[in-house]
Amino acid sequence: MGTIFSFEYMIKSFPTLLSMVDVTILVTVVSEFFAIILGCIIALTRINAIRLLDKVCAVYVSFIRGTPFLVQLYLICFGMPQVLNYFGMENPRSIPGILYVFLVMSLHEGGYIAEIMRGSILAVDKGQMEAAKSIGMTGYSAYTRVVLPQAFRMAIPALGNNVVSTLKSTALIFNVGVVDMMRRAELMGSFSYRHLELYIDIAVIYICLCFLVQLGTMMLERCTRMKNSTVS
Amino acid sequence: MIKLENFHKSFGSTEVLKGVSIEVPTGSVTVILGPSGSGKTTLLRSINFLEPADKGTMILDDKVFDMAAASKKEILEVRRNTAMVFQNYNLFANMTALENVKEGLVLVQKMGRYEALIKAEYYLEKVGMINREHFYPVQLSGGQQQRVGIARALALNPKVILFDEPTSALDPELVGEVLEIMKKIAKEENSTMIVVTHEIGFARDVADQVIFMEGGVVVETGEPRDIIENPKEERTRKFLARFSNR
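Residues numbered from 1 in each chain as written. Chains lettered and ligands numbered in written order. Predicted model: local features only at pLDDT ≥ 70, side-chain atom pairs only at ≥ 80, totals over all residues. Heavy atoms only, no water.

### What about the sheet that holds strand E8 (residues 193-196) of chain B?
Residues and elements named next belong to chain B.
Point 1. Read from one edge to the other, the open sheet built from 6 strands follows the order E6-E7-E8-E3-E9-E10, with strand pairing classed as mixed. The open sheet terminates on both sides in strands that have one partner only, identified here as strand E6 (82-85) and strand E10 (217-222). Across the sheet, the mean angle separating the axes of adjacent strands is 20 degrees when strand polarity is ignored.
Point 2. Against the sheet, helix H1 (residues 40-47) makes contact with strand E3 (29-33), E6, strand E7 (160-164), E8 and strand E9 (209-214), and its axis sits at roughly 145 degrees relative to E7, the strand it touches most.
Point 3. Sheet strands touched by helix H6 (residues 172-188): E3, E7 and E8. Its angle to E8, the strand with the most contacts, is close to 155 degrees. (Pairing = 2+ DSSP bridges. Helix = DSSP H or I, 4+ residues; strand = E, 2+ residues; numbered from the N terminus. Axes fitted to C-alpha atoms, helices over the stretch in contact; angles between N-to-C directions. Contact = heavy atoms within 4.5 Å.)

Structural data, given as structure tokens:
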């Protein structure tokens, strides 16, 4: 081992690691998409106190919030094939690992988004729902046209936070065999023994990604607020 | 015609409506007066099931509704034949004035986009808000918001429009503009209106029928001149005395 830190190696490895960023982005976008849908469904179920289902949702949310993400990841990725096998599926391991990851992350983030959306929906003035009902809208229309658009606007900062946390959680998915930046860095490190440089690269990539998300959140907030500001 | 028979409603152990019956002929204006807590707002809100009554029958034109056992479909039917103007305006905050009026036409009445636009603009013109049609509710004054609220209700051509203290949340100098619009539509649109208000002057000038409520019951019903200038009941007299002293 020569130098303690090889700046050259760090620069040289950067493009290789960066080329794996698509996995990270894909997992984040796909799971966040399903998580928002799931979160809204859970939030509405709980707010409308739909019999039995709201209890199930409450238990679900507390399970998600009460167990570490890594445990949930292992439960689904290693545990579910066993269950599928029992129910007669030939070779559940042949399902690509990334599909399991989509599932876990959607379920995980969905639990958190449920609480974000529940808070935002409850924060929308009750009169909005009443006005929608008074003109004869169905419950579904009232939510999709009036209540949810307003709830989402209030939820933007919190949802932005959630995207950032999803993004960072993807650093764990290499544990179940999905090849992403982390896995690549691990492999490269086992040859070069230069972990420091590689993980600095990864930290830089994550910082940049999170910065972009924050920027996006801010812009989204600004352009939805525009509608509400006083201009004449 | 809209007719309510024997409306009962309790919140917990408090009985708010104790068997209220009223009848409002088509095209007429009925004003409900009464002190706070008399149940007048609850009565109005039970008509379109925002506060479902525990007991009571409603006849809307020739259809009969059992208020305590109405199906989802019946509730929707009642709501689609009535409209409400709220104390706090309750305009959809995520829509412009125009979109607020258009929304029910397009979404509920399945009207074509263009047709709905024409109709919405017609009613915004009527309430004097056409020059603010692309403004969002937060950009409008209370009086302007309430005028849009009235246009939203009118545009649906409901069998009856329910006004729930439409001027109570307004600054005093804005009350006039809203009352003017209400007078105008009472005259021009020939709408059936039920108005809960504290504006005695409006009741005197516009109403065809005045109902005085207190403690969850109808105390007195009659023509505005009789009720306001010549009330028979002691309770009505007491209530009105406070207004004439002002």
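### Some remarks on the sheet that holds strand E4 (residues 55-60) of chain B
Residue and element names in this part refer to chain B.
Point 1. Pairing in this open sheet of 4 strands is antiparallel, and the strands run E2-E1-E4-E5 from one edge to the other. Looking at which strands have only one partner, the edges of the open sheet turn out to be strand E2 (14-24) and strand E5 (63-66). Averaged over all pairs of adjacent strands, the angle between strand axes in this sheet comes to 15 degrees, irrespective of strand direction.
Point 2. Where strand E1 (residues 2-11) and E2 come together, 8 bridges link them in antiparallel fashion. Its bridge partner being in E2, Ser 10 is matched across the sheet by Glu 15.
Point 3. Contacts from H1 reach E1, E2 and E4, with the element oriented near 115 degrees to E1.

### A few points about the environment of Ser 134 of chain A
Point 1. Topologically, Ser 134 of chain A is positioned in helix H6 (residues 126-134).
Point 2. Put simply, Ser 134 of chain A and Arg 184 of chain A are 50 residues apart on the chain and 58 Å apart in space, counted from C-alpha to C-alpha.
Point 3. In this structure Ser 134 of chain A touches Asn 48, Arg 79, Thr 82, Ala 83, Met 84 and Phe 86 of chain B, once residues within four positions along its chain are discounted.
Point 4. Polar side-chain contacts of Ser 134 of chain A include one of 2.8 Å to the backbone oxygen of Ala 131 of chain A. (Polar contact = N/O pair within 3.5 Å; in protein donor to acceptor, adjacent residues only side chain to side chain.)

### Some points on the packing of aromatic side chains
Residue and element names in this part refer to chain B.
Point 1. Applying the stated criterion across every chain, the model contains 5 aromatic pairs over all chains.
Point 2. On the basis of an interplanar angle of 85 degrees and a centroid distance of 4.9 Å, the ring pair of Tyr 122 and Tyr 123 is categorised as edge-to-face.
Point 3. Classification of Tyr 122 by relative accessible area gives partly exposed; the value is 44%.
Point 4. A centroid spacing of 5.2 Å and a plane angle of 45 degrees characterise the contact between Phe 212 and Phe 239, whose relative ring orientation is tilted. Of this pair, Phe 212 sits in strand E9 while Phe 239 sits in helix H9 (residues 234-244), and the two are 27 residues apart along the sequence. In this pair, the class of Phe 212 matches that of Phe 239, namely buried. (Phe/Tyr/Trp six-rings, centres within 6.5 Å; stacked < 30°, edge-to-face > 60°. Buried < 20%, exposed > 50% of the residue type's maximum accessible area, 1.4 Å probe, protein only.)

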